[in-house]
Amino acid sequence: MEISYKPQEKPPYQNAIDRILGWGRKYSIFMYPFVTACCGMEYMSVASGHYDIDRFGAGLPRFSPRQADVMLVVGTINFKNSVVLRTVWDQMCEPKWCVAFGACASIGGPYNNYATLQGIDRILPVHVYIPGCPPRPEAVLDGLMKLQDMIQNQKHDLFWKKRES
Amino acid sequence: MTPEEIVGRLNEHFPQAGLDNRVDKDHAVTVAPVDRLEELFRELRDDSEFRFDLFMDITAVDWLERAPRFDVVYHLYSTVHNHRLRIKVMVSENKPVPSASGVWVVADPMEREVWDMYGIKFSGHPNLTRLLLYEEFKGHPLRKDYPYDKRQPILEETWPSRDQG
Ligand code: SF4
């Protein structure tokens, strides 16, 4: 028997795909740390032994955007740097997520002046915001778990598809 | 030399140069006219008693309402004799200051920064372009009449921005 469905319709096995791919992807997060300022210290302490981000499967930072699937924007982004940030984001392959780490990346933090971008969500889609200046490592892990929940519960395509946004 | 000795020697050395030498809070200060600056710099570096071989900093002050609008402030240090001198020059908006980069090479990037932030021109500078800000930037942000809330983003801010709603 021929199975046929219209592309807009959900294929019958989509729920299983979502669950399986989501489970796989949430425990194999490869981060691209875009570290520009003081929050980087806190990122290092999360990544190293005591708090150990590796427990969540996000232990290996990749320093090439082509190999990463979560971009972690750690620190202040100014207008001059925003071009670089956007380029790095555009270079990452789907599926990709973005985390704004700290007050600066989320809303500009303590800086509101001629040079600072008031939150990276003005130039990129952001999936998780981690508040704090700098955030406690616990807050970072909490944000990471929120991201994992999101990855688990979202729709995943079995084949690559161009995103509209 | 103590600050008093520096001031005394400056008075001896440049009797008719129009310098206003004084000791201010245990620091030798001289207010110099713009046209004698080049000669003064060479003398301060090469004279065996002064030997100001380290050009520490150059910055500027914007006195918006005063007649020569800016103060350009130089800080010199001698690694040989362990003494310091501050030179102030009053300039108006359009008058260029002779560049110190022929005397001390490190003055080159510092003068570019002053040009970037205050828009003070340095005549004889090999490459007077912006140092910290981007080329598209209009105006000079540390001037007192630069609007404090003026933003000049490079990328178009497409994401719904916090300021609009
Ligand atoms: S949020 Fe605070 S700690 Fe983090 S980069 Fe900004 S100023 Fe530094």
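Above this text is the structure in question.
Described below are features of the structure shown in this document. (Residues numbered from 1 in each chain as written. Chains lettered and ligands numbered in written order. Predicted model: local features only at pLDDT ≥ 70, side-chain atom pairs only at ≥ 80, totals over all residues. Heavy atoms only, no water.)

### Regarding unusual backbone geometry
(1) Moving on: Omega for the peptide link from Cys-133 of chain A to Pro-134 of chain A comes to -10 degrees, which places this bond in the cis form.
(2) Moving on: Of note, the phi angle at Lys-25 of chain B is positive, near 50 degrees, even though the residue is not glycine.
(3) Moving on: Counting through the fold element by element, Lys-25 of chain B comes out in the loop between strand E1 (20-23) and strand E2 (28-32).
(4) Moving on: Looking at Lys-25 of chain B, the relative accessible area reads 75%, which means it is exposed.
(5) Moving on: Phi angles above zero are rare outside glycine, and Asp-26 of chain B is one such case at about 60 degrees. (Helix = DSSP H or I, 4+ residues; strand = E, 2+ residues; numbered from the N terminus. Buried < 20%, exposed > 50% of the residue type's maximum accessible area, 1.4 Å probe, protein only.)

### Side note on the packing of helix H2 (residues 39-47) of chain A against helix H5 (residues 137-153) of chain A
All names here are of chain A.
(1) Moving on: Where H2 contacts H5, the two axes come as close as 9 Å, and the packing angle between them is 75 degrees. It follows from the interaxial angle that H2 and H5 lie roughly perpendicular. Here Glu-42, Ser-45 and Val-46 of H2 lie close against H5, whose contacting residues are Pro-137, Val-140 and Leu-141.
(2) Moving on: Its residues assigned to classes, the contact of H2 with H5 comprises four nonpolar, one polar and one charged. (Axes fitted to C-alpha atoms, helices over the stretch in contact; angles between N-to-C directions. Parallel < 35°, antiparallel > 145°, perpendicular 65-115°, else oblique. Contact = heavy atoms within 4.5 Å. Nonpolar A, V, L, I, M, F, W, Y, C, P; charged D, E, K, R; others polar.)

### Topic: the side chain of Asp-69 of chain A
(1) Moving on: In this fold, Asp-69 of chain A is placed in the loop between H2 and strand E2 (70-74).
(2) Moving on: Buried charge Asp-69 of chain A goes without a salt bridge, the closest partner of opposite sign being Arg-25 of chain A at 6.6 Å. (Lys, Arg positive; Asp, Glu negative; His and termini not counted. Salt bridge = Lys/Arg side-chain N within 4 Å of Asp/Glu carboxyl O.)

### Remarks on the interface of chain B and chain A
A common way to report how large an interface is uses the accessible area buried once the components associate.
(1) Moving on: Contact residues are listed per partner, giving 22 residues for chain B and 17 residues for chain A.
(2) Moving on: Between chain B and chain A lies a buried interface of about 1,600 Å² when both sides are counted; carbon and sulfur atoms form 58% of it.
(3) Moving on: The tally of links between chain B and chain A comes to zero salt bridges.
(4) Moving on: Applying the counting criterion to the chain B and chain A interface returns three residue pairs in polar contact (both at pLDDT 80 or more).
(5) Moving on: The class makeup of the residues in the side of chain B that touches chain A is 13 nonpolar, three polar and six charged. (Buried area = accessible area lost by both parts, 1.4 Å probe. Polar contact = N/O pair within 3.5 Å; in protein donor to acceptor, adjacent residues only side chain to side chain.)

### Observations regarding the nonpolar core
(1) Moving on: Grouped together as the largest cluster of nonpolar side chains are 62 residues, with contacts concentrated most on Met-71 and Ile-120 of chain A together with Tyr-74 and Ile-87 of chain B.
(2) Moving on: For Ile-120 of chain A, the residues in contact, after removing those within four places along its chain, are Val-73, Ile-77, Leu-85, Cys-98, Ala-100, Ala-105, Ser-106 and Val-126 of chain A.
(3) Moving on: Of all hydrophobic cores here, the second largest spans 21 residues; its members include Ile-53, Trp-97, Val-128 and Ile-151 of chain A. (Core = buried A, V, L, I, M, F, W, Y, C linked by side-chain atoms within 4.5 Å.)

### Digging into a negative patch on the surface
All names here are of chain B.
(1) Moving on: On the surface, Glu-4, Glu-5, Asp-26 and Glu-49 cluster together into a patch of negative charge.
(2) Moving on: Among the secondary structure elements, Glu-5 is positioned in helix H1 (residues 3-13).
(3) Moving on: A residue is classified by how much of its surface remains accessible, and Glu-5, at 45% relative accessible area, is partly exposed. (Patch = residues over 30% accessible without salt bridge, like charges linked within 9 Å, V, L, I, M, F, W, Y side chains within 5 Å. Areas by Shrake-Rupley, 256 points an atom, 1.4 Å probe, with all protein chains shown as cover. Charge placed at Lys NZ, Arg CZ, Asp CG, Glu CD.)

### Section: the sheet that holds strand E4 (residues 70-78) of chain B
All names here are of chain B.
(1) Moving on: Across the sheet, which stays open at both edges, the five strands sit in the order E1-E2-E5-E4-E3 with mixed pairing between neighbours. A strand with exactly one partner marks an edge of an open sheet, and here the two such strands are E1 and strand E3 (54-62). Taken pair by pair, the neighbouring strands of this sheet meet at an average axis angle of 20 degrees, ignoring direction.
(2) Moving on: Where E1 meets E2, four bridges bridge the pair, whose relative direction is antiparallel. Each residue of the ladder has a partner; that of Arg-22, found in E2, is Val-29.
(3) Moving on: Contacts from H1 reach E1, E2 and strand E5 (83-91), with the element oriented near 165 degrees to E1.
(4) Moving on: Running at roughly 175 degrees to E5, helix H2 (residues 37-46) makes contact with E2, E4 and E5 of the sheet. (Pairing = 2+ DSSP bridges.)

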